[in-house]
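One-letter residues, chain by chain:
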Amino acid sequence: MEETVVKDSAVRKPKKNKKITWAVLKEQRQLIYMSVPLMAYIILFAYVPIWGWTMAFQDYKPARDFSEQKWVGFKHFEFLFKDDSFLQVLRNTLAMSVINMILGFTTAIILALLLNEIRKVFWKRTVQTISYLPHFLSWIIVTGIVATSLASDGIINDVLMKLHLIKEPIQWLSEGKYFWGIVGASHVWKEVGWNTIIYLAAMASIDPALYEAADMDGASRYRKMFHVTLPGIKPTIIILLIMQVGHILEAGFEVQYLLGNGLVVDWSQTIDIFVLKYGLAQGNYSLATAAGIFKTVVSVTLLLIANGVAKRLGEERLL
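As recorded in an unreviewed UniProt entry, the protein goes by Sugar ABC transporter permease and comes from Paenibacillus lautus. Quoted straight from UniProt, the Sequence similarities (unreviewed entry) entry for the protein says "Belongs to the binding-protein-dependent transport system permease family."

Following this line, the structure appears as C-alpha cells:
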C-alpha cells in the first residue's frame, strides 16, 4: 500500500520545464524557420517605429535633421494633461470603450449560449451565418446603414412612431447624449456574431459527461447553462477580458469619425481622432506622438494589472 502511495505521489509531481538548449533549438528548427517571417514583421512594424517616439520630446520640424531638432522634455505631455479638449477626448474614449466592452462581452456570451442550445444543425448554421455577415462589412458601409436607419425619415423613427412610442422623429445623430449608445449598438450589430466563435469553440471542448450527469440530476437547460456551460468557458472569458482591458483606450476611429459631426463633436472625439487632428491637420506631430505614447503606456499598464489580479485570484492569465 505504501509503495502504491509513493508511486502515485511520484506520478503527480509536476514536470519541470524543459531547458532551452542548442539541442532543443535544433530539434525545433522547422518551427523557428516558420516563425522568422512573423518575427520580422513584428520587428519591422511594431518595434522599429518606436524610434519615432522621440518626436514627443522635441519640437519636431519635418524639414530638419534629427541632430537639429529642439529637445523640450515633457512639455507636450504637460500640455496634454492641462488641455481641456484632451481631457474631454479621454473621457469620450474611456466611456465608449467601456460601453463597447460590456455590450460586446455580454451579447457574445448570451448569443453563444443560445446557439449552443439549438439542436437542429440547419437552424444553428443559419443563425450563425446571418450573425457573422456584418463582420465582413467595412465600417463605411456599416455607418452608412446606421446613418440611414437613424435619419428623421429612417426605419427606426418610423417604427417608433407607428408603435406610438414617440410623437415626432428624433434627431439621433444631432444630440450628443445618444452618440455613445449608437456607437455601442453599432459595434454589437457588426461584431457579435464573430465574437461568438471562440466561445462556441470553448463550449465544444466541455466534457459531455458533465451534461449527462446534470441530466441524471434533473437539471433544466437553464441550470446546465449556469452550472456546466458557463464554468466550462470561464477561463476563456477571463483571458479575453484581460486582453480587452489592455485595449481599454481603443474605442475605435472609423465609426466615430464617420458618424460624428459638428453637433456631437464634444461626444464623438476619441484619442485616435485627436492624434489625427493635431498630427496631420495641424502639423503638430510632437503633440500627436505624446498622445499616442500616453495611450500605449496606459494600455500596457492596465494589461499587466489585470493579469496580476487574475493571478492573485487563481484564475487563468496571459503570463
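Here the narrative resumes, following the displayed structure.
*Asks:* Got a minute to help me understand the UniProt feature "transmembrane region" (unreviewed entry) in the protein in this structure?
*Replies:* This chain's UniProt record puts "transmembrane region" (unreviewed entry) on residues 31–52, 94–115, 136–156, 196–214, 226–249 and 285–310. End C-alpha to end C-alpha, residues 226–249 measures 31 Å, and it is 83% helix and 0% strand.

*Asks:* Just checking my understanding: could you explain the packing of aromatic side chains for this structure?
*Replies:* Two descriptors summarise a pair of aromatic rings, namely the distance from one centre to the other and the angle between the planes of the rings. If you walk through the whole model with that rule in mind, you get 16 aromatic pairs. Ring centres of phenylalanine 74 and phenylalanine 77 lie 5.9 Å apart, and the angle between their planes is 55 degrees; this geometry places the pair in the tilted category. The structure contains a cluster of three or more aromatic residues connected by ring pairs, namely Phe81, Phe86, Phe274 and Phe294. Note that arginine 91 overlies the ring of tryptophan 267, its terminal NZ or CZ placed 5.1 Å from the centroid. The ring centre of tryptophan 139 lies 5.2 Å from the NZ or CZ of lysine 190, which sits over that ring.

*Asks:* Explain the UniProt feature "domain: ABC transmembrane type-1" (unreviewed entry) in the protein here, please?
*Replies:* UniProt's entry tags residues 90–306 with the feature "domain: ABC transmembrane type-1" (unreviewed entry), counted in the numbering of this structure. In residues 90–306, helix accounts for 76% and strand for 0%; the two terminal C-alpha atoms are 20 Å from one another.

*Asks:* Got a minute to help me understand the confidence of the model for the protein in this structure?
*Replies:* Any region with low pLDDT has predicted coordinates that should not be read closely. Of the residues in the protein, 94% reach a pLDDT of 70 or more, and the chain-wide mean stands at 87. Mean pLDDT across the elements of the protein bottoms out in helix 1 (residues 2–12) (43) and peaks in helix 7 (residues 139–149) (93). Below pLDDT 50 for its whole length, residues 1–14 participates in zero contacts with residues either more than four positions away or in separate chains.

*Asks:* What exactly am I supposed to notice about a nonpolar patch on the surface here?
*Replies:* Nonpolar side chains collect at one region of the surface, where Leu38, Met39, Tyr41, Ile42, Ile43, Leu44, Phe45, Tyr47, Val48, Ile50 and Trp53 lie side by side and expose about 1100 Å² of accessible area between them. Its place among the elements puts valine 48 in the loop between helix 3 (29–47) and strand 1 (58–59).

*Asks:* Mind showing me how you'd approach helix 11 (residues 221–245) here?
*Replies:* Because an α-helix packs 3.6 residues into every turn, residues spaced three or four apart end up facing the same way. Along its 25 residues, helix 11 runs just 32 Å from first to last C-alpha, ending more than 12% under the 36 Å computed at 1.5 Å per residue. Every buried residue of helix 11 is accounted for by Lys224, Met225, Val228, Thr229, Ile233, Ile237, Ile238 and Ile242. Against the buried residues of helix 11 lie helix 5 (84–117), helix 9 (176–204), helix 10 (208–216) and helix 15 (285–312).

*Asks:* Whenever I open this one, the side chain of asparagine 116 confuses me. Can you help?
*Replies:* Note on placement: asparagine 116 falls in helix 5. Other than its neighbours up to four places away in sequence, asparagine 116 contacts Lys124, Leu200, Met203, Tyr211 and Thr229.

*Asks:* Mind showing me how you'd approach the layout of surface pockets here?
*Replies:* Over the atoms, a rolling probe the size of a water molecule traces out where space has been left empty. The computed volume of the largest pocket comes to approximately 660 Å³. Lining the largest pocket are 25 residues, and of these Asn100, Gly104, Glu191, Asn195 and Gln244 sit closest to its centre. Within the residue set of the lining of the largest pocket, elements represented by two or more residues are helix 5, helix 9, helix 11 and helix 12 (254–259). In terms of residue count, the dominant contributor to the lining of the largest pocket is helix 9 (eight residues).

What counts, and where the lines are drawn
Think of each chain on its own: its residues are numbered from 1, step by step along the sequence as written. Given that the model is predicted, a residue must reach a pLDDT of at least 70 before its local features are reported, and side-chain atom pairs must reach 80 or more before they are shown or counted; all residues, however, enter totals for whole chains, interfaces and linings. Only hydrogens and water are set aside when side-chain values are computed; all heavy atoms of the structure are taken into account. UniProt positions are given in the numbering used here, feature names are shortened, and annotations may be inferred rather than shown by experiment. Per the convention used, a helix needs a DSSP run of H or I reaching at least four residues, while a strand needs a run of E reaching at least two, with both numbered from the N terminus. Two rings from Phe, Tyr or Trp (for Trp, the six-membered ring) form a pair when their centres are within 6.5 Å of each other. A pair whose planes differ by under 30 degrees is stacked, one over 60 is edge-to-face, and the rest are tilted. Only when the NZ atom of a Lys or the CZ atom of an Arg is both within 6 Å of the ring centre and within 35 degrees of the ring normal do we say a charge sits over the ring. Values of pLDDT, the confidence the predictor places in each residue, fall between 0 and 100. In this description, contact between two residues means that some pair of their heavy atoms is separated by no more than 4.5 Å. Note that patches include only residues with greater than 30% relative accessible area and no salt bridge, and the join distances are 9 Å for like charges and 5 Å for nonpolar side chains (Val, Leu, Ile, Met, Phe, Trp, Tyr). Note that accessible areas follow from Shrake-Rupley with a 1.4 Å probe, and for residues the cover is restricted to the protein chains shown. For this document, the term salt bridge refers to a Lys or Arg side-chain nitrogen within 4 Å of an Asp or Glu carboxyl oxygen. Multiplying one less than the number of residues by 1.5 Å gives the expected span of a helix. A simple rule labels every residue: compare its accessible area, found with a 1.4 Å probe on the protein chains alone, to the largest value its type can have, and call it buried under 20%, exposed over 50%, or partly exposed in between. Lining residues are those with an atom within 4 Å of a point, where the points come from a 1 Å grid over the protein atoms alone and group into cavities, where a 1.4 Å probe fits but cannot get out, or pockets, open sets with protein on both sides within 12 Å along at least five of seven lines. Grid points are joined across faces, edges and corners, and a volume is the space filled by probe spheres set on the points.

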